[in-house]
Structures are given as C-alpha cells and as structure tokens.
Amino acid sequence: APWCFLGLFIAASFLMIWRLEAMTESGVEGTVLGTLVMPYCSGMGNLIFAFVLGAKGGPGAEVVTNSLVNNVTNMTLLIGLPTILWGMNVLPGAKSKKQKSDNKEHQINRLSLLMTLTAVLFFTGAVWALARKGKLDFGDGLVLVGLFLFWQCFHVFDVLKSNVRQNKSFSWMLPFDLAVLAIGAYAIYLSTDWLVDWLSGIHSGFISVKHLGWLSGWLMVLPNGILAFYYAWRGKPEVVYTSQVGDGHVSIPLCLGIYALYRPMQLPPFFQTGIVILMGAAVLHILFVGIFGRLPRFMGWVLTAAYV
C-alpha cells in the first residue's frame, strides 16, 4: 500500500507538470511562469504536508525540517546538477541581429530572476527575525502568509501588464488546465495524508516517524527535480532557476506561516544552520547571475558537493 500511494504522488506530480508545460502558451510564460505557476505544482506536496500536520496536531519542527530540506535541495543540488550537465547561462552572448533582439528578453529575464533571488533573502530573513524567540506563533503566521500573498499579487499584476503590452490574452484552455491542476493537487493531498498516517505508525528505524521531516522533504523534492532537468535540457535556464527559487517561496514563508496559524511551531536544533545555508546560497546566485549572467559549471560542482 505505501508504494501505491507513493506512485499516486509521483503520477499526480507528472500530471500537473504536463499541464504546466501547456500553460507556457496560454499567456503565462518565461520567468513569471516559474515564479507564479510552477511553485504551486512542484510545491503542492509541501503545502499539503503543512496543512495535514497542522490539522492533525503533528510536530511543527517536522514542517520546518521539511521546508529546510526542500529549499536547501532546490538552491544547491537541483540547480548544481543541471549546471554541470547543460550549463546555466541566463544571459547568452548576441552575435546575429536575431540574437541581439532575443538578448533584450534575456536581460529582462535576468532582472526578474535577480528580484526573485532577492526575495529569498527577505523571506528567509523575515522567518529568522520572527523566530528569534524560539518559536513561530499565530501572529507570526499571519505575517508570513501575508508576505507570500503580497508577493503573488505582485506577479499576477505583472502577468496582466505583460499581456496588455503584447496585446495577448489568456487561452480558452486555461480553465481546463487549472481544473487538471486541481485534480492533481487533490491526488497529492490523498497520497500525502495517507503516507503521513502510515509513517506515524512506525517508531523505529530510519524510515519512521522520527525522520518524518527529512523523508517528506526528499519525497516532495522529486517534482522539482523533474522540472529542473526537463527545462535545463530544453535550454531554458531562467525557468530552471525561477521554478526552484519559486518553489522555495512556497515552503518559506507560506508553509511555515500556515502551520503557525494552527498552533505554535517549535524549531529544530539545526534551524539556524539551515537559514545560513539558504541565505549564503542566495547571495552566491545573486552575485554570479548579476555580474556574469550565468552560473559557471565549476559552481555546479561546488553546489552539488556542498549538498552532499
């Protein structure tokens, strides 16, 4: 039975990614796609995990662990490995006229990416500041959820402005795509809810409730990995970046905020270490993307080794 629900989780993730690719032609594309739509597809498992544990009274430290494992993996391994294999050149050189024309779009994508990476610093810093008393409570949850909703509203209006400038409109298939995404989200909810119940009944060994945060974090990072390798292979490094960073925004601050609305959240011992790693990785990405317009392959090896 655990394998059936694990298979359901992975199948639902693939279903959502399939319609996500279709939405690239529906008025939502580029870095905004990676920031606004992809996070809900790849981060739905983390979001539902926070809901399930909050509703059932599960330990808040496991939600924090889940979020840290998810975000650290996104910012190191899932950007580092595609960089090693295909490179991560956000701002390629322009030689022909067509390439020069395309280069403007690449420059816009880089600016959007830098803004998204900067948001990692603000969101992570906000969590660190609110958690200095040793826990996150209801008021902290309101602040974190409010921060995330403001960030999403900003991107919604960004999409609408872009469509007006380009005289574009959303495809008539958009309601169907959103319906399929909702079905996938419900399947992820069922599988996550059952897997949490199953794991909660095991109290010894590595695969047990003692490591719920770690195990769930690694499981829910699988859709992110699929997105990273697929779009890196397609030659869309800006989407690789924003899909991973945007998914991180779902975990921090949204997932932490949602659990804190249910009950006070205690922090695991390695909370400070995880925050430092996240902020350090964000600064590193900002420097390389901002100065060089790309992440060198040797940095892919550095990030992968750091994760290991």
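Just above sits the structure.
Owing to the predicted nature of the structure, the values given are computational and were not obtained by experimental measurement.

(A) Structural context of helix H12 (residues 271-292). Helix length check: H12, at 22 residues, gives a terminal C-alpha distance of 32 Å against a target of 32 Å (1.5 Å per residue), a fit within 8%. Taken residue by residue, H12 has Phe 271, Gly 274, Ile 275, Leu 278, Ala 281, Ala 282, His 285, Phe 288 and Val 289 as its buried positions.

(B) Quick peek at the packing of helix H4 (residues 60-75) against helix H5 (residues 77-86). Two elements in contact, H4 and H5, have axes separated by 3 Å at closest approach and are oriented at 20 degrees. Accordingly, the angle class assigned to the pair H4 and H5 is roughly parallel. Contact residues: H4 offers Val 72, Thr 73, Asn 74 and Met 75, while H5 offers Leu 77, Leu 78 and Ile 79. Looking at side-chain class alone, the contact of H4 with H5 contains five nonpolar, two polar and no charged residues.

(C) Geometry of the environment of Phe 176. Within the fold, Phe 176 resides in helix H8 (residues 174-200). Separated by 157 residues in sequence, Phe 176 and Arg 19 place their C-alpha atoms 9.1 Å apart.

(D) Just the packing of aromatic side chains, in detail. Following the criterion strictly, the structure yields eleven aromatic pairs and no others. Arranged with centres 6.3 Å apart and planes meeting at 45 degrees, the rings of Tyr 230 and Trp 233 form a pair that is tilted. Of this pair, Tyr 230 and Trp 233 both sit in helix H10 (residues 222-233), three residues apart, which is roughly one turn of that helix. Note on Tyr 230: relative accessible area 29%, which makes it partly exposed. Owing to a relative accessible area of 57%, Trp 233 belongs among the exposed residues under this scheme. One aromatic cluster is present, built from ring pairs that chain together Phe 206, Trp 214, Trp 218 and Phe 270.

(E) Layout of helix H13 (residues 297-307). All buried positions along H13 are accounted for by Met 299, Gly 300, Leu 303 and Thr 304. In a view along the axis of H13, the buried residues occupy a sector of 140 degrees, so they form one face of it. Among the exposed residues of H13, those oriented more than 90 degrees off its buried face are Phe 298, Trp 301, Ala 305 and Ala 306. Its buried side turned inward, H13 meets H4, H5, H12 and strand E4 (294-295).

(F) Seen up close, the pattern of salt bridges. The full count for this structure, using the stated rule, is three salt bridges. Between Lys 56 and Asp 197 there is a salt bridge, with its nearest N and O atoms 2.7 Å apart. With a gap of 141 residues between them, Lys 56 in helix H3 (residues 44-56) and Asp 197 in helix H8 connect regions that are remote in the sequence. For Asp 197, a relative accessible area of 40% gives the class partly exposed. Across the salt bridge formed by Lys 133 and Asp 140, the nearest N and O atoms sit 2.6 Å from each other. Three or more residues joined by partner-sharing salt bridges are found here, namely Lys 56, Asp 193 and Asp 197.

(G) Structural detail: the nonpolar core. Core analysis: the biggest nonpolar cluster contains 71 residues, and Leu 53, Val 63, Tyr 241, Leu 256, Phe 271 and Leu 295 have the highest contact counts within it. A total of twelve residues in this core trace back to one element, the largest contributor, which is helix H11 (residues 237-262). Leu 53 has contacts with Gly 58, Pro 59, Glu 62, Val 63, Val 196, Leu 212, Tyr 259 and Arg 263, leaving out every residue within four places of it along the chain.

(H) Spatial organisation of the side chain of Thr 124. Examined against the element boundaries, Thr 124 turns out to sit in helix H6 (residues 97-130). Overall, the relative accessible area of 3% leaves Thr 124 in the buried class. Engagement of the side chain of Thr 124 in a polar contact is seen with the backbone oxygen of Val 120, the distance being 2.7 Å. Not counting the four nearest positions on each side in its chain, Thr 124 is found in contact with Ile 252, Ile 275, Leu 278 and Met 279.

(I) Here's a closer look at a nonpolar patch on the surface. Taken together, the side chains of Trp 198, Phe 206, Ile 207, Trp 214 and Trp 218 make up a nonpolar region of the molecular surface, amounting to roughly 500 Å² of accessible area. Mapped onto the fold, Ile 207 is located in the loop between H8 and helix H9 (212-220).

(J) Broad picture of the side chain of Thr 73. Structurally, Thr 73 is set in helix H4. Among the polar contacts listed, one links the side chain of Thr 73 to the backbone oxygen of Val 69, at a separation of 2.6 Å. Non-local contacts of Thr 73, meaning those with residues more than four positions away in its chain, are made with Leu 78, Val 221 and Tyr 307.

(K) Structural detail: the packing of H4 against H12. Viewed as axis vectors pointing N to C, H4 and H12 meet at an angle of 25 degrees, and their least axial separation amounts to 10 Å. The orientation of H4 relative to H12 falls into the category roughly parallel. Where H4 crosses over H12, the handedness of that crossing is left-handed. Mapping the contact onto sequence places Val 64, Leu 68, Asn 71, Val 72 and Met 75 in H4 and Phe 271, Gly 274, Ile 275, Ile 277, Leu 278, Ala 281, Ala 282 and His 285 in H12. Its residues assigned to classes, the contact of H4 with H12 shows ten nonpolar, three polar and no charged.

Scoring rules and cut-offs
Residues numbered from 1 in each chain as written. Predicted model: local features only at pLDDT ≥ 70, side-chain atom pairs only at ≥ 80, totals over all residues. Heavy atoms only, no water. Helix = DSSP H or I, 4+ residues; strand = E, 2+ residues; numbered from the N terminus. Expected span 1.5 Å × (residues − 1). Buried < 20%, exposed > 50% of the residue type's maximum accessible area, 1.4 Å probe, protein only. Axes fitted to C-alpha atoms, helices over the stretch in contact; angles between N-to-C directions. Parallel < 35°, antiparallel > 145°, perpendicular 65-115°, else oblique. Contact = heavy atoms within 4.5 Å. Nonpolar A, V, L, I, M, F, W, Y, C, P; charged D, E, K, R; others polar. Phe/Tyr/Trp six-rings, centres within 6.5 Å; stacked < 30°, edge-to-face > 60°. Arc of directions from axis to C-beta. Salt bridge = Lys/Arg side-chain N within 4 Å of Asp/Glu carboxyl O. Core = buried A, V, L, I, M, F, W, Y, C linked by side-chain atoms within 4.5 Å. Polar contact = N/O pair within 3.5 Å; in protein donor to acceptor, adjacent residues only side chain to side chain. Patch = residues over 30% accessible without salt bridge, like charges linked within 9 Å, V, L, I, M, F, W, Y side chains within 5 Å. Areas by Shrake-Rupley, 256 points an atom, 1.4 Å probe, with all protein chains shown as cover. Left-handed = near helix turned anticlockwise from the far one by under 90°.

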